[in-house]
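What follows is the residue order along each chain.
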Amino acid sequence: MLSEKVDPTRHPFNVEALRGLDLELRSSVTFFVGENGSGKSTLLEAVAQCCGFNVQGGGRDHQAQTSDNRDDLASALRLSWLPKATDGFFMRAESFFNFASYIDQVSTLQRYGGRRLHEQSHGESFLALFVNRFGRGIYILDEPEAALSPQRQLAFLKVIHDLEATGQAQFLIASHSPILLAYPKATLLSLDGGPIHEIAYADTEHYKLTKEFLDSPERFFKHLFEKPNDEAES
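Owing to the predicted nature of the structure, the values given are computational and were not obtained by experimental measurement. (Residues numbered from 1 in each chain as written. Predicted model: local features only at pLDDT ≥ 70, side-chain atom pairs only at ≥ 80, totals over all residues. Heavy atoms only, no water.)

**Structural notes on the sheet that holds strand β2 (residues 88-92)**
Item 1. Across the sheet, which stays open at both edges, the 6 strands sit in the order β2-β3-β4-β1-β5-β6 with mixed pairing between neighbours. With partners counted over all chains shown, the strands left at the sheet margins are β2 and β6 (197-198), one partner each.
Item 2. As defined by bridge partners, strand β3 (residues 137-142) adjoins strand β4 (residues 169-174) across 6 bridges and the pair is classed as parallel. Bridging from a neighbouring strand, Leu141 pairs with Ile173 of β4.
Item 3. Across the sheet, helix α1 (residues 40-50) lies against β1 (29-33), β2, β3 and β4, angled at about 150° from β3, the strand it touches most.
Item 4. The strands touched by helix α5 (residues 150-164) within the sheet are β1, β3 and β4, with β4 carrying the most contacts at an inclination of about 145°. (Pairing = 2+ DSSP bridges. Helix = DSSP H or I, 4+ residues; strand = E, 2+ residues; numbered from the N terminus. Contact = heavy atoms within 4.5 Å. Axes fitted to C-alpha atoms, helices over the stretch in contact; angles between N-to-C directions.)

**Description of a nonpolar patch on the surface**
Item 1. A cluster of nonpolar side chains, contributed by Phe213, Leu214, Phe221, Leu224 and Phe225, occupies part of the molecular surface with about 550 Å² of accessible area.
Item 2. Every element with two or more residues in the nonpolar patch is listed here: α7 (205-215) and α8 (217-225).
Item 3. If one sorts the elements of the nonpolar patch by residue count, α8 sits on top with 3 residues.
Item 4. By secondary structure assignment, the location of Leu224 is in helix α8.
Item 5. For Leu224, a relative accessible area of 57% gives the class exposed. (Patch = residues over 30% accessible without salt bridge, like charges linked within 9 Å, V, L, I, M, F, W, Y side chains within 5 Å. Areas by Shrake-Rupley, 256 points an atom, 1.4 Å probe, with all protein chains shown as cover. Salt bridge = Lys/Arg side-chain N within 4 Å of Asp/Glu carboxyl O. Buried < 20%, exposed > 50% of the residue type's maximum accessible area, 1.4 Å probe, protein only.)

**Comments concerning the pattern of salt bridges**
Item 1. Evaluation of the coordinates by the stated rule reveals 5 salt bridges.
Item 2. Between Arg10 and Asp72 there is a salt bridge whose closest N-O contact spans 2.6 Å. On the criterion of sequence distance, the pair formed by Arg10 in the segment before β1 and Asp72 in helix α2 (residues 72-76) is long-range, its members being 62 residues apart.
Item 3. When the shortest N-O distance is used, the salt bridge between Lys208 and Glu205 registers 3.3 Å.

**Some details on the pairing of β3**
Item 1. By the criterion of burial, β3 is predominantly enclosed, with 6 of the 6 residues buried.
Item 2. Two elements, β2 and β3, share 5 bridges in a ladder whose sense is parallel. Paired with Arg92 across the bridge in β3 is Asp142.
Item 3. Note on the crossover from β3 through α5 to β4: the handedness is right-handed. (Right-handed = clockwise from strand over helix to strand, strands pointing away.)

**Here's the deal with the side chain of Ser38**
Item 1. Tracing the sequence through the fold places Ser38 in the loop between β1 and α1.
Item 2. At 2.8 Å, the side chain of Ser38 forms a polar contact with the backbone oxygen of Glu35. (Polar contact = N/O pair within 3.5 Å; in protein donor to acceptor, adjacent residues only side chain to side chain.)

**Concerning the packing of aromatic side chains**
Item 1. Summed over all chains, the structure comprises 5 aromatic pairs.
Item 2. Each ring, one from Tyr201 and one from Tyr207, has its centre 4.9 Å from the other, and the planes form 55°; the classification is tilted.
Item 3. Centroid distance Phe221 to Phe225: 5.6 Å. Interplanar angle 5°. Geometry classified as stacked. Of this pair, Phe221 and Phe225 both sit in helix α8, 4 residues apart, roughly one helical turn.
Item 4. A relative accessible area of 61% means that Phe225 is categorised as exposed.
Item 5. Taken together, the aromatic side chains of Phe213, Phe220, Phe221 and Phe225 make up a single cluster linked through ring pairs. (Phe/Tyr/Trp six-rings, centres within 6.5 Å; stacked < 30°, edge-to-face > 60°.)

Spelled out as C-alpha cells, the structure:
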C-alpha cells in the first residue's frame, strides 16, 4: 500500500482491518470473513479495480457505463502476481441484475450457457455464470452464496475444485456461508478484531454460531423471543 495515498482519518482507511494492508496470498482459494461493515466488500472491490474489472461486475471485456476513477483504496493498493493474471471476473451479488441486463444487450450468450440470464432463476443464473464463464484467471466474488441454495452451494464448490485443479485459476471470495468456507485447504482471512489475520474454519463465528444453532435451536429461540421482565409481569 502506498503510504502517501493513505489518510487514516478517512474511510476506508479508518476501517481497522484495512490499515497498512500487506497481504501475501499463497493459496489458490482465499476466503475473506467478517461481520457486516468489516471491510470485505470494500477490499474486494478495490482489488477488482486494480485488476481492470468493472466495479459493477464483469471482466475486462465488460464496459458498462461507470466512472473511470478508482476509489481511494484501489488508488493506494499495489498488486503483483506470479504468473500475472490476464483474465478473470468480478462478481458482486448486489449488482448482478444489472450485469445480466448488460449481457443480454451485448453478448451472444455462448459464454453463459446459451440462455438469457434473466430467463433463469437467480440461483440458476449464478451457477450458469460460474460453470460457463469461468476458466483461467482470477475470480473475485462478493458473497456468491446470496442466491444459491445449500445444494447449489455444493455444486459451486465442485466448480471451484475443477478450476483450481488446472492450476490456472485463483479465487478471492467474501462469504458468510459455512458451506463455502469449508472448502478443503482454502485460506481463511478474518477482518474482525484488528488487522487481517488467518483463521481456522472451526474458529470462525460463521461456523461456531451455525453449529451451536443447529445443535440447539430452542436455546436460541428462548433467548431471542424472551419478553422483557416488565412486559412479562404486566
